[in-house]
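Chain and residue survey
For reference, the chains in residue letters:
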Amino acid sequence: MTLCKIKRLTLLLFIAGGFVTGQTLEDIAIVDSETSYFLTLTFDEVPKYRTSEVYEPPSFTITFTGADWGKGDFARRVMTDPLYQYSIRIVTTSFGREDLELRLDFFSNTEIKINKSGDRKIIVSWEKFKDKVEVEPDTSFLEIKKMTAQDALQQTVSLRFRDATIEDVVRLLFVSYGLNMILHPDLADYEGEGITLLLKDVTIEVALSLILKMNGYDWYLDNEIIIVKPFDLTLQGELITIVYDLKFADGEMISAALGNGVLSTKGTSAAFTTGISGSFNDKLMVTDIEANLPAVEKLINSLDQKTQQIHISVKFIETTLSADEHLGINWGLRADLVGPTVPDTSGLFVNIGHWNELSMAQLTLPVFTSILQLLTTDNETRLLQEPQVTTFNNSPANINVGTSIPVLVPQAEGGVFGVNPYTFETQNVNINLQVTPRINAEELISLAINAQIQAIIGYVGPDADRPIISTRSTQTNVRVADGRTLLIGGLILNDESQAVDKVPFLGNLPIIGKLFTNTVTKTSQRELLIFITPSIVS
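Starting from 1, residues in each chain are numbered consecutively following that chain's sequence as written. For a predicted model such as this one, the threshold for reporting local features is a pLDDT of at least 70, and the threshold for listing and counting side-chain atom pairs is 80 or more; totals across whole chains, interfaces and linings nevertheless cover every residue. To obtain the side-chain values, all non-hydrogen atoms of the structure were used and water was disregarded.

An unreviewed UniProt entry lists the chain under the name Type II/III secretion system secretin-like domain-containing protein, with marine metagenome as the source organism.

Below, the structure written as structure tokens:
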């Protein structure tokens, strides 16, 4: 009888001898991975078994000596090609002993592997069905590439365990895909409760991270070796440092965002600049575990985007109030003086409110143009400054307009000939305006305004040459439409001046000179108007 005529061949492999009773099969589960299936059997003690294989029809049988199932005989059809059915039953030997028989029925002959996980688990594995490909004998030009550890970690698996140890679960994942591993000694001595889990179609990387971190452990990949260790223990090679080039965003802003839960507990970030001090931070250095770097890069890419710009035009206009305008500019009176050229402003002039005794309003372009026409017809109105600046969205723009006045100041000690020396001190009178714009929905722009306005309201000193400076400062937040103008008014300053008329020669005589002198005090009011026009730059 030749080998080719044999249709049925039974191979018996005795793994353990002797009759051992008392074993109980507690659980059986099939785990699905990208390339293989795993049948896990959990016993209450070390199982003793033997195997047999039938080539036609293909089947594989594992007989557990003296084992008990407790749930009765059953057969279950499954869609785990090439396996189509597995069954469990109690069989009685010729010696009267009851054994537990597990039979796997396949569509085709399949290589079966049996591994142990700890003392109480048996893992039966087989590859998924693949079409056979005929290969020509000359295959020297083909390059067989082994799967890297990073590729293996991206394979999907389905896991089901009940009261399993962490070490058993981890070993199953590593052994199934041929991954190199180093387990910290604490993992073998873990005395916590067994873990129960049911995961379906998740990557090995995700499953490994969840299982370990929930039990106080962590892992990292170092040169194709996966190292499992306690979470609080940091080893050399675990952390990776990357320097990112930022195209638009400032590094300090992104660093602050990473610190709000994106970096791991071991991660750090630092922003720095390649330019001079005070330049934009165009570099960001991040140190973190490799598994967390994809989340870091995702946040950096979402924040490092081109920012819109806003052009801010400001006009400082000062006008002298007439006798009928001691409470502020009377726009109706001035319109009457110029003529009936002002368009109907109903619905175009939006009153925003009062701001520390200052009035604010939002102006449309027609109203803004009309107001400027009114002011230009008044000889007592002048344009102080018209600065313009462009800034990034949600970034402050600073405008400083002012005058430096030299003030003569006598020194404490006299000179050589009894004359007191003098020096000059500079007194600044400024208008500081800081505007931080932010683009809102519906083409609206929010403005955070911080203003400080100084003005000379009089003079003191023996020669009345030292200025008295009044300072008013306040902060507010308003919202205007794109291209519209914000008018800030109500800043009224009082000027008081004296004019002295003398009769020539007689007005300078002592004592009686006052009889030939007339002093006239004049009081006037000036109002400072600030027009702010923000426009979104396309």
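**Concerning the sheet that holds strand β16 (residues 225–230)**
Put simply, the rule is: Criterion used throughout: strands pair if DSSP finds at least two bridges between them. Numbering of helices and strands starts at the N terminus; helices are DSSP runs of H or I of at least 4 residues and strands are runs of E of at least 2. In this analysis, axes come from line fits to C-alpha atoms, helices being fitted only over the stretch in contact, and the angle between any two N-to-C directions falls in the range 0 to 180 degrees. Here a residue-residue contact requires only that any non-hydrogen atoms of the pair lie within 4.5 Å.
Pairing is mixed in the open sheet, where three strands are placed in the order β13-β16-β15. A single partner strand is all that each edge strand has here, and the edge strands are β13 (180–183) and β15 (217–222). In this sheet, neighbouring strand axes are inclined to one another by 20° on average, regardless of whether the strands run parallel or antiparallel. As paired strands, β13 and β16 are joined by four bridges and run parallel to one another. Bridge pairing in β16 links N180 to I225. Helix α2 (residues 166–176) rests against β13 and β16 of the sheet, and its axis sits at about 160° to β13. Contacts from helix α4 (residues 204–213) reach β15 and β16, with the element oriented near 140° to β15.

**As for the nonpolar core**
Rules: Among the buried residues, those of types Ala, Val, Leu, Ile, Met, Phe, Trp, Tyr and Cys that are joined through side-chain atoms within 4.5 Å form a nonpolar core. Type-normalised accessible area, obtained with a 1.4 Å probe on protein chains alone, sets the label of each residue: buried when under 20%, exposed when over 50%, and partly exposed for intermediate values. Domain borders in the structure are assigned automatically or taken from a domain database.
Core analysis: the biggest nonpolar cluster contains 34 residues, and L159 and I226 have the highest contact counts within it. Secondary structure elements with two or more residues in this core: α1 (149–153), β12 (156–164), α2, β14 (195–203), α4, β15 and β16. Ranked by residues supplied to this core, first place goes to α2 with six residues. For this core, the two domains that each supply at least three residues are domain 1 (23–127) and domain 2 (149–230). Not counting residues within four places of it along the chain, the set of residues in contact with L159 comprises V31, L173, L197, L198, L199, A207 and I211.

**With respect to the sheet that holds strand β2 (residues 23–32)**
Read from one edge to the other, the open sheet built from five strands follows the order β6-β2-β3-β11-β10, with strand pairing classed as mixed. Whereas interior strands pair on both sides, the edge strands pair on one side only; in this sheet they are β6 (67–68) and β10 (113–117).

**Quick look at the pairing of β15**
Each regular strand displays side chains that alternate between the two surfaces of the sheet. Along β15, five of the six residues are buried, which leaves the element largely enclosed by surrounding structure. Bridging between β15 and β16 involves six bridges; their strand directions are antiparallel. Bridge pairing links D222 to I225 in β16.

**Describing a nonpolar patch on the surface**
The following threshold applies: Patch membership requires over 30% relative accessible area and the absence of a salt bridge. Like charges are linked within 9 Å, and nonpolar side chains (Val, Leu, Ile, Met, Phe, Trp, Tyr) within 5 Å. To be clear on the numbers: accessible area is Shrake-Rupley with a 1.4 Å probe, and residue cover counts the displayed protein chains and nothing else. Each salt bridge in this description consists of a side-chain nitrogen of Lys or Arg and a carboxyl oxygen of Asp or Glu lying within 4 Å of one another.
Taken together, the side chains of V503, I511, I512, L515 and F516 define a hydrophobic patch exposed on the protein surface, amounting to about 510 Å² of accessible area. Relative to the elements of secondary structure, L515 occurs in the loop between β29 (485–502) and β30 (517–537).

**Digging into the environment of G178**
Relative to the helices and strands, G178 is located in the loop between α2 and β13. Here G178 falls in the exposed class, since its relative accessible area comes to 52%. Separated by 29 residues in the primary sequence, G178 and A149 place their C-alpha atoms 8.8 Å from one another.

**Observations regarding a positive patch on the surface**
This is how it is decided: Asp and Glu are treated as the negative residues and Lys and Arg as the positive ones, with His and the ends of the chain left uncounted. Charge positions are represented by NZ for Lys, CZ for Arg, CG for Asp and CD for Glu.
Together, K71, R76, R160 and R162 line one region of the surface with positive charge. Counting through the fold element by element, R76 comes out in strand β7 (residues 74–80).

**Some thoughts on helix α6 (residues 293–303)**
Worth spelling out the cut-off: Note that the arc is computed from the directions linking the helix axis to the C-beta atoms.
For α6, every residue scored as buried is listed here: L293, V296 and I300. In a view along the axis of α6, the buried residues occupy a sector of 60°, so they form one face of it. Residues of α6 that are exposed and point more than 90 degrees away from the buried face comprise P294, K298 and N301. Where α6 is buried, its residues touch β17 (239–245), α5 (251–258) and β19 (283–289).

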